[in-house]
Amino acid sequence: MSDNDTIFGKIIRGELPADIVYEDEYCIAFRDINPVAPMHVLVIPREPIARLAEAGEEHRELLGHLMLAAARVAEQEGHGDAFRVVVNSGARAGQTVFHLHLHVIAGRTLSWPPG
Ligand code: AMP
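Small disclaimer: the values here were computed from a predicted structure and weren't measured. (Residues numbered from 1 in each chain as written. Predicted model: local features only at pLDDT ≥ 70, side-chain atom pairs only at ≥ 80, totals over all residues. Heavy atoms only, no water.)

Some thoughts on the side chain of R84
Then, in step 1: Looking at the element boundaries, R84 is found in strand β4 (residues 84–86).
Then, in step 2: One buried charged residue, R84, forms no salt bridge at all, with the nearest opposite charge on D81 at 13 Å. (Helix = DSSP H or I, 4+ residues; strand = E, 2+ residues; numbered from the N terminus. Buried < 20%, exposed > 50% of the residue type's maximum accessible area, 1.4 Å probe, protein only. Lys, Arg positive; Asp, Glu negative; His and termini not counted. Salt bridge = Lys/Arg side-chain N within 4 Å of Asp/Glu carboxyl O.)

As for the layout of surface pockets
Then, in step 1: Size it by volume and the largest pocket reaches roughly 380 Å³.
Then, in step 2: Every residue lining the largest pocket is counted, 16 residues in all, and those nearest its centre are V36, V86, N88, I105 and P114.
Then, in step 3: For the lining of the largest pocket, the class distribution of residues is seven nonpolar, six polar and three charged.
Then, in step 4: Roughly 330 Å³ of internal volume is contained in the second largest pocket.
Then, in step 5: Along its surface, the second largest pocket is lined by 19 residues, and I7, F8, D32, I33 and L42 are the ones closest to its centre.
Then, in step 6: Put simply, the parts of the chain that give the lining of the second largest pocket at least two residues each are α1 (7–12) and β2 (27–31).
Then, in step 7: For the lining of the second largest pocket, the residue count by class is 10 nonpolar, six polar and three charged. (1 Å grid on protein atoms, 1.4 Å probe; cavity = no way out; pocket = protein on both sides within 12 Å on 5 of 7 lines; lining within 4 Å. Points joined across faces, edges and corners; volume = space filled by probe spheres on them. Nonpolar A, V, L, I, M, F, W, Y, C, P; charged D, E, K, R; others polar.)

This is the structure we're talking about:
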């Protein structure tokens, strides 16, 4: 267990159930428990980076991998033509779980700017 263990750490270790839609050596993707759109999947690195602001140069490839995984999941779910990827970094930006995650949202018209 790492210093910044979260519910997502428990999901990675299989201690909490999740509806996993994709996984590989570096990341897993599962359905958000409180979806804000018909498709709402979270892509998270297995490495417990607390938030995007704490990622460093050493995470350059991993961050790219997460983006590609997000696009792959959207495609796999039938939403490759229109989806949104959101990262909340910091509590005031809406982050509630301090294990980096990409929200992948699709299936309805998405307004801009987000709230
Ligand atoms: P954020 O507010 O950006 O930190 O996003 C955290 C997301 O995690 C929220 O959209 C929650 O609905 C979601 N969430 C919290 N607990 C779980 C869980 N056990 N399984 C799936 N999603 C979760």
